[in-house]
Amino acid sequence: MAKTFKNFIGGKWIAPSTGRYFVNRNPADTHDVIGRFPDSGPADIAAAVRAAQAGFEQWSRTPAPLRGEVLRRVGDLLAARRDEIADAMTREMGKVLAETRGDVQEGIDTAYYAATEGRRLFGRTVPSELRRKWAMSIRRPIGVCGLITPFNFPMAIPTWKAFPALLCGNSVILKPSEDVPHTAHLLVEILLDAGLPEQVIQLVHGADTAGRALVEHPGVPVISFTGSTATGSAIGQVCGRMHKRLSLEMGGKNAMIVMEDADLALALDGVLWGAFGTTGQRCTATSRLIIHRKVHDRFVARLVDAANKLVLGDGRDPRTQVGPLIHAAAREKVEQYLDPVVLRDAEVACGGTRPRGARTANGFFYRPTVIVDVKPGSRLATEEIFGPVLSVIRVSSYEQAAKVNNEVKYGLSSSIYTSNVNLAFRAMEDLQNGITYVNAPTIGAEAHLPFGGVKQTGNGHREGGWEVFDFYSETKVCYVDYSGSLQRAQIDTYDV
Ligand code: NAD
């Protein structure tokens, strides 16, 4: 009998008010059941908001350096349990152990970064325009933060949101992806073990019903969402109407540009990792290869050869290089792009089918797929597929490559392989993305730098680095007049 998990609300592990549960299965082997998790509803969210409001009263008054101490202990506990969490994460999400260990490591780095920020969290003191008067800004906590996260980084993304939110003195309600609830459960266990006061963190499992209730609750002034652009734009409408602070991190259609002067061996390693790492299920995955015609044929031949050799299977098997997709619907979505009506004149150079054999028989596997002769503007060139599918687009110049890169509604990540330093710097300016890599693939963000995208990938905020603390805190300006007389600021008088 599979284990039944609970929500964490008001300092207790409790069953959902709905009485409903969903089953969490291993995507590499659907016979392997991880557990039953709550399919929560609006009443569970309402209870979580009440508890989080009480938690906020306490936590917002705790000095930031002490809040940082709790997060440092969280980092220590994550480090101590890294391999065990990575194993659990691979079992529910599918990506290989090296990647899930990296996912936990991102949480560790984010915890330590946030911990030290407790001793900074800078405001500013600036000269006043008046005599005997001080002018300064400080940061204030905001309130209850609702965090809604996707399946593909089950630890990293919840920590990107929760740790800076907590460091800034807010309380948190985490609504993790229904596809990876076990990792979120382990994270909350660790937060509690580290000494976070119980009311400060609430964990409410569930799918869109729980997510919607969180977004629509008037007691939650801050929403941070990472997921698909379709879901994010629906959330944006509600938050706009309700005057909520909102951070959106959404889809991508990331391109790697390979110029004729590139180091092709380096570019080959980069594209294999960027396109097929995490089975292509990264927001920053390399989904398009934009390649100069002079090196196209040579490069594609080597790419196809290498892609055909990638070993598929359970991510906990050390031989495995590519795990499964997250669920049946994700694989079916990939298959839609292999329909001849969608392919039109494009050609499948490798992959394009489900694999055969015992290693992959019970999971949602799909062969690494390279599609050539993809036309700019076509569906394969512009839509997020979120699977192990690479669209190859042939170009004749840097200018054309940059234009193709920019011809999509998304703007998360891009990369260029070239040995021409002038082109590299032009690309950093020209490519319309939140992140551009030079001589590296489209993936590989570091915890201490801001992360996010332009156009329909985001709404202007960034996760990670120093910028995220702006999102989770309110700037308050304080003036202290110690002149003993009424002084008027420049806005109220011409006298200096
Ligand atoms: P998704 O949009 O299906 O789900 C994300 C989360 O939103 C889940 O927790 C889900 O339960 C919840 N949700 C669904 N409908 C909701 C609603 N109406 N109201 C509130 N919450 C709702 O995304 P996914 O399939 O889990 O993740 C894949 C997507 O995430 C891809 O598009 C990928 O590009 C994107 N992503 C973006 C980034 C980034 O930083 N830009 C990072 C990772 C993933």
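Quick caveat: nothing in here was measured; it's all calculated off a predicted structure. (Residues numbered from 1 in each chain as written. Predicted model: local features only at pLDDT ≥ 70, side-chain atom pairs only at ≥ 80, totals over all residues. Heavy atoms only, no water.)

1. Things to note about the overall build of the protein chain
Check the secondary structure of the protein chain and you find 16 helices and 21 strands. By its C-alpha atoms, the protein chain is 80 × 65 × 40 Å across when sized along the principal axes. Expressed as a percentage of its 496 residues, the buried residues of the protein chain come to 56%. Across the protein chain, the fraction of contacts at a sequence separation of at least 24, relative to all contacts at a separation of at least 6, is 73%. Split by element, the accessible area of the protein chain, about 20800 Å² in all, is 51% carbon and sulfur. Of note, the protein chain has its 57 positive side-chain charges centred 3 Å away from the centre of its 53 negative side-chain charges. (Helix = DSSP H or I, 4+ residues; strand = E, 2+ residues; numbered from the N terminus. Buried < 20%, exposed > 50% of the residue type's maximum accessible area, 1.4 Å probe, protein only. Contact = heavy atoms within 4.5 Å. Areas by Shrake-Rupley, 256 points an atom, 1.4 Å probe, with all protein chains shown as cover. Lys, Arg positive; Asp, Glu negative; His and termini not counted. Charge placed at Lys NZ, Arg CZ, Asp CG, Glu CD.)

2. Concerning a nonpolar patch on the surface
Taken together, Val421, Phe425, Met428 and Val438 make up a surface patch of nonpolar side chains, about 370 Å² in accessible area. Among the elements that take part in the nonpolar patch, helix α15 (residues 421-430) stands out by supplying three residues, more than any other. Tracing the backbone through its elements, the reader meets Val421 in helix α15. (Patch = residues over 30% accessible without salt bridge, like charges linked within 9 Å, V, L, I, M, F, W, Y side chains within 5 Å. Salt bridge = Lys/Arg side-chain N within 4 Å of Asp/Glu carboxyl O.)

3. Quick notes on the site of the ligand
Around the ligand sit 29 residues, and of these Lys175, Glu178, Ser228, Met250 and Glu384 come closest. In the model, an oxygen atom of the ligand is placed 3.3 Å from a nitrogen or oxygen of the Phe151 main chain. Between the ligand and Ser228, the relevant distance is 2.8 Å, taken from an oxygen atom to a side-chain nitrogen or oxygen of the residue. Protein coverage of the free-state accessible area of the ligand, which is 850 Å², stands at 89%. Counting residues per element, the ones that place at least two in the shell around the ligand are α7 (208-216), β10 (222-226) and α8 (229-241). (Near = heavy atom within 4 Å. Polar contact = N/O pair within 3.5 Å; in protein donor to acceptor, adjacent residues only side chain to side chain.)

4. Quick look at unusual backbone geometry
Despite not being glycine, Thr278 has its phi angle at roughly 55°, a positive value. Here Thr278 shows up in the loop between α9 (264-276) and β13 (286-292). The backbone of Arg344 sits at a positive phi, close to 50°, despite the residue not being glycine. A residue is classified by how much of its surface remains accessible, and Arg344, at 70% relative accessible area, is exposed.

5. What to know about the pairing of β10
For β10, the tally of buried residues reaches five of five residues, placing the bulk of the element in the interior. Neither face of β10 is left uncovered, since the one carrying Val222, Ser224 and Thr226 and the one carrying Ile223 and Phe225 both have all their residues buried. Pairing of β10 with strand β11 (residues 245-249) involves five bridges; the strand directions are parallel. Bridging from a neighbouring strand, Val222 pairs with Arg245 of β11. Between the parallel elements β10 and β11, the chain passes through α8 in a crossover that is right-handed. (Pairing = 2+ DSSP bridges. Right-handed = clockwise from strand over helix to strand, strands pointing away.)

6. Examining the domain arrangement of the protein chain
On domain assignment, one finds that the protein chain holds domain 1 (7-250 + 458-477) and domain 2 (254-438). A separation of 31 Å is found between the C-alpha centroids of domain 1 and domain 2. Across the boundary between the two partners, domain 1 contributes 24 residues, which contact 24 residues of domain 2. Interface of domain 1 and domain 2: buried area, both sides summed, is about 1900 Å²; carbon and sulfur atoms make up 60% of it. At the junction of domain 1 with domain 2, the criterion picks out two salt bridges. (Domains from an automatic or database assignment. Buried area = accessible area lost by both parts, 1.4 Å probe.)

7. A look at the nonpolar core
Within the largest apolar cluster, 46 residues are counted, with the highest numbers of intra-cluster contacts made by Leu78, Phe163 and Tyr472. Core analysis: the next-biggest nonpolar cluster, separate from the first, contains 34 residues, Met259, Leu338, Tyr398 and Ala402 among them. (Core = buried A, V, L, I, M, F, W, Y, C linked by side-chain atoms within 4.5 Å.)

8. Points about the environment of Asp269
Turning to its location among the elements, Asp269 is positioned in helix α9. As for Asp269 and Asn170, which are separated by 99 residues in sequence, their C-alpha atoms are 42 Å apart.

9. Focus on helix α1 (residues 42-59)
Here α1 spans 25 Å end to end across 18 residues, near enough to the 26 Å set by a 1.5 Å rise per residue. Of all the residues in α1, the buried ones are Asp44, Ile45, Ala48, Val49, Ala51, Ala52, Gly55, Phe56 and Trp59. (Expected span 1.5 Å × (residues − 1).)

10. Observations regarding the packing of helix α2 (residues 64-80) against helix α6 (residues 181-193)
Where α2 meets α6, the axes come as close as 9 Å, and the angle between the chain directions of the two elements is 130°. Taken together, the axes of α2 and α6 lie oblique to each other. Crossing of α2 over α6 shows right-handed handedness. Of the residues in α6, those in contact with Val74, Leu77 and Leu78 of α2 are Ile190, Leu191 and Asp193. Class assignment of the residues belonging to the contact of α2 with α6 gives a composition of five nonpolar, no polar and one charged. (Axes fitted to C-alpha atoms, helices over the stretch in contact; angles between N-to-C directions. Parallel < 35°, antiparallel > 145°, perpendicular 65-115°, else oblique. Left-handed = near helix turned anticlockwise from the far one by under 90°. Nonpolar A, V, L, I, M, F, W, Y, C, P; charged D, E, K, R; others polar.)

11. Overview of the pattern of salt bridges
Summed over the entire model, instances satisfying the criterion amount to 28 salt bridges. Measuring nitrogen to oxygen at the nearest pair gives 2.9 Å for the salt bridge that ties Glu399 to Arg426. Of this pair, Glu399 sits in helix α14 (residues 398-406) while Arg426 sits in helix α15, and the two are 27 residues apart along the sequence. For Glu399, a relative accessible area of 45% corresponds to the partly exposed category. Connected through salt bridges with shared partners, the residues Asp32, Asp87, Arg91, Asp314 and Arg316 form a single ionic network.

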